[in-house]
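Commentary on secondary and tertiary structure
One letter stands for each residue in the lines below.
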Amino acid sequence: MLTKLNKDHAFFILMLLVFSLPFELIFSTIAMVILVLALLISYKWKEVVMPDFHNSYLFLFYFILSFVGVFYSENPVEATDRIVRKLPMLIFPLAVLVMSLRVEQRKTLQKVFVWSCTLFCILSIATLLYNFWAHNEYSHHYNFAQSSMYHFHFPYDTLYLNTAYIFLLFGNYGNLLKKILSLLFFTVIFLFGVRIGIATFFLITAVYVVLNIKKLITLRNVAFFGLSILLAFFLINSSSYLKDKYFGVLEKVGLVSSESISEIGEDYHNLSLREDLWLNSFETIKKRPVFGYGTYGEVEYLKNQYQNSGMDKKNMKLNSHNQYLTTFLQYGIFGGGILLLILLRSLYIAIKGKNIQGALFVIICMIAFMTESYLIRQKGIMLFTLFICLFIEENVFKQKQPVK
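All residue numbers here refer to positions counted from 1 along the written sequence of the relevant chain. With pLDDT at 70 or above as the cut-off, local features in this predicted model cover only qualifying residues; side-chain atom pairs require 80 or more to be listed or tallied, and sums for whole chains, interfaces and linings still use all residues. As a rule here, side-chain values come from all non-hydrogen atoms in the structure, and water together with hydrogens is ignored.

1. Some details on the confidence of the model for the protein chain
pLDDT measures the predictor's confidence residue by residue and takes values from 0 up to 100. Averaged over every residue, the pLDDT of the protein chain is 86; the share at 70 or more is 85%. The element-level mean pLDDT for the protein chain is lowest in helix H14 (residues 263-268), coming to 58, with helix H8 (residues 154-169) highest at 97. Of the regions scoring below 50 in pLDDT, residues 397-404 engages in 17 contacts with residues more than four places distant in sequence or in other chains. Secondary structure follows DSSP: runs of H or I at least 4 residues long count as helices, runs of E at least 2 residues long count as strands, and numbering of each begins at the N terminus. Any two residues having at least one pair of non-hydrogen atoms within 4.5 Å are treated as being in contact.

Dropping the structure here:
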């Protein structure tokens, strides 16, 4: 059966992989392994012509640097585990280069991802409703709603949903469907309580409104916007967790008083914690700015820095919660330079090619990287690597046609 695999089968497997991304990691991992087998069997690699320069090469460089980082890391066992997680940085760029997908196929993958995230949202809300019905006696707990929803890790899930939101708004969908799915995505993102995620959602919405302002100024759309605002107020007032989460930001900029936040919220959603993490990460980087500490090698050094600065013991195991700082910690200026080159080059290509979806995806990743270290988990690596390779540079290479 394996010998009968062809290019169409490989693309179908890629669709399954994209569809599985928001769900349990095991599904996308299995799909990735099957995709590799399909490509090895069905493609004639000698007939593939690689472009002179492509973002895929930058991911390969990043993976090679991560592999080298294992050898000067002080924790080689954990470092090896991290390299396994980074395998998509090796597999996806090669797969995208070899498959040479058409524009129609790329659009199909975007639609698959939108419907996959839609199913994820429905499942997340369904589990919340079920837990509210089955375990109502615990519904008064502080973060009952968030812990009762289907999710992987809120910041990662939010990045996934905002990516799907970009594809939805700027894709070929009916206006009614856009409104329904937008409201669904907004509800789930808002309930997750990821502040940078909801800010990113508003940014995407603002860009879409500015670019389509003439056709969007209608009574129905104004009513829909008002409905969304009412929904937000309802969700905030129904959850102390959400109220503390979002009011904490308003309190930080002086728009509300600290009395608006509960005592548990002041500690649970402490914004100054990230500031401490970033400052200590920067101090640790200054000690080894060129090569860094290697893959997973920064952990103990960062922990010692936290301890020396007097941070609370319960926060000693936290990473820098900033992908830029984490990359500089691990691989110094070389790794940081490659990461910045991937982002800036991708943004330049997307803007030059008037690829609004690609440009927004890069921008929301750049924003998300400020508050989380997404590339230390396979979940973040898969989304970032695959979608940069798939949707930024389109049709920049072709397979060599066999000579007749």
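2. What to know about helix H4 (residues 76-85)
Throughout, exposure labels follow a simple rule: accessible area from a 1.4 Å probe, protein chains only, divided by the maximum for the residue type, with under 20% read as buried, over 50% as exposed, and the rest as partly exposed. Those residues of H4 that sit buried are Ala79, Arg82 and Ile83. For H4, the angular spread of the buried residues around the axis is 105°, confining them to a single face. The inward-facing, buried residues of H4 contact helix H3 (55-71) and helix H17 (323-352). The reported arc concerns the directions from the helix axis to the C-beta atoms and nothing else.

3. A closer look at the environment of Asn322
The residue Asn322 is located in the loop between helix H16 (298-309) and H17 in this model. Along the sequence, Asn322 and Tyr374 sit 52 residues apart, while their C-alpha atoms lie 8.2 Å from each other. Beyond its immediate stretch of four places on either side in the chain, Asn322 contacts Trp278, Phe369, Met370, Thr371, Glu372 and Ser373. Pairs of N or O atoms are called polar contacts if they sit within 3.5 Å, as long as, within protein, a hydrogen donor faces a hydrogen acceptor (for residues adjacent in sequence, only side-chain-to-side-chain pairs). A polar contact of 2.9 Å, which involves the side chain of Asn322, links it to the backbone nitrogen of Tyr324.

4. Section: the side chain of Gln357
Relative to the helices and strands, Gln357 is located in helix H18 (residues 356-368). Among the residues examined, Gln357 registers a relative accessible area of 11% and is labelled buried. A distance of 3.2 Å separates the side chain of Gln357 from the backbone oxygen of Phe170, its partner in a polar contact. Apart from the residues lying within four places of it in its own chain, the contact partners of Gln357 are Gln110, Ile166, Phe167, Phe170 and Gly171.

5. Structural notes on the packing of helix H10 (residues 195-211) against H18
Axis definition: a line fitted to C-alpha atoms, limited for helices to the stretch in contact. Angles are taken between N-to-C directions and run from 0 to 180 degrees. Following both chains from N to C, one finds H10 and H18 inclined at 155°, their axes separated by 11 Å at the closest point. Relative to H18, H10 is oriented roughly antiparallel. Seen along the crossing, H10 lies across H18 with a hand that is right-handed. Within the contact between the two elements, H10 uses Ile196, Thr200, Leu203, Ile204, Val207 and Leu211 and H18 uses Ile356, Leu360, Ile363, Ile364 and Ile367. For the contact of H10 with H18, the per-class residue count stands at ten nonpolar, one polar and no charged. Angular relationships are summarised with four words: roughly parallel below 35 degrees, roughly antiparallel beyond 145, roughly perpendicular across 65 to 115, and oblique for the angles in between. Take the far helix as your reference; a near helix turned counterclockwise from it by less than a right angle gives a left-handed crossing, and one turned clockwise gives a right-handed crossing. Three classes are used, and their members are as follows: Ala, Val, Leu, Ile, Met, Phe, Trp, Tyr, Cys and Pro are nonpolar, Asp, Glu, Lys and Arg are charged, and the others, Gly among them, are polar.

6. What to know about unusual backbone geometry
Residues apart from glycine generally show negative phi values, whereas peptide bonds are mostly found in trans. The backbone of Tyr296 shows a phi angle near 65°, a positive value even though the residue is not glycine. Along the chain, the position of Tyr296 falls in the loop between helix H15 (272-285) and H16. Of note in the backbone geometry, Lys354 takes a positive phi value of approximately 55° without being a glycine. With respect to the helices and strands, Lys354 occurs in the loop between H17 and H18. The exposure class of Lys354 is exposed, given its relative accessible area of 77%.

7. Re the pattern of salt bridges
When a carboxyl oxygen of Asp or Glu lies within 4 Å of a side-chain nitrogen of Lys or Arg, that pair is called a salt bridge. Using the criterion set out here, one finds three salt bridges in the structure. The salt bridge involving Arg85 is made with Asp81; its shortest N-O contact spans 2.9 Å. With a gap of four residues between them, Arg85 and Asp81 both fall in helix H4, about one helical turn apart. Owing to a relative accessible area of 34%, Asp81 belongs among the partly exposed residues under this scheme. In this structure, Glu372 engages Arg274 in a salt bridge whose closest nitrogen and oxygen atoms are separated by 2.6 Å. You can see Glu372 sitting in the loop between H18 and helix H19 (378-391) and its partner Arg274 sitting in helix H15, a full 98 residues away along the chain.

8. Remarks on a nonpolar patch on the surface
On the surface, Phe61, Ile64, Phe67, Val68 and Phe71 cluster together into a nonpolar patch covering about 520 Å² of accessible area. Summarising the element assignment, Phe71 is placed in helix H3. A residue is classified by how much of its surface remains accessible, and Phe71, at 64% relative accessible area, is exposed. Patch membership is restricted to residues that have no salt bridge and whose relative accessible area is over 30%. Joining uses 9 Å for like charges and 5 Å for the nonpolar side chains Val, Leu, Ile, Met, Phe, Trp and Tyr. Where accessible areas are quoted, they stem from the Shrake-Rupley method and a 1.4 Å probe; at the residue level, only the protein chains shown are allowed to cover.

9. Regarding the nonpolar core
To qualify as a nonpolar core, a set must consist of buried Ala, Val, Leu, Ile, Met, Phe, Trp, Tyr and Cys residues joined through side-chain atoms within 4.5 Å. Counting 103 residues, the largest nonpolar core has Leu109, Phe113, Phe384, Leu386 and Phe387 as its most contacted members. Top element by residues in this core is H8. It accounts for eleven residues. If sequence neighbours within four positions are ignored, Phe387 has contacts with Val18, Leu21, Phe113, Thr163, Phe167, Phe361 and Ile392. Ranked by size, the runner-up nonpolar core spans nine residues in total, among them Leu277, Tyr306, Met311 and Leu329.

10. Quick look at the packing of aromatic side chains
Pairing of aromatic side chains requires ring centres within 6.5 Å, counting the rings of Phe and Tyr and the six-membered ring of Trp. Pairs whose planes differ by under 30 degrees are stacked, by over 60 edge-to-face, and all others tilted. Within the structure shown, the criterion is met by 31 aromatic pairs. Consider the rings of Tyr324 and Phe369, whose centres lie 6.0 Å apart with planes at 70°: the pair is edge-to-face. Of the two residues, Tyr324 sits in helix H17 while Phe369 sits in the loop between H18 and H19, which places them 45 residues apart along the sequence. In this pair, the class of Tyr324 matches that of Phe369, namely buried. Ring centres 5.9 Å apart and planes at 55° place the aromatic pair Phe361 and Phe387 in the tilted group.

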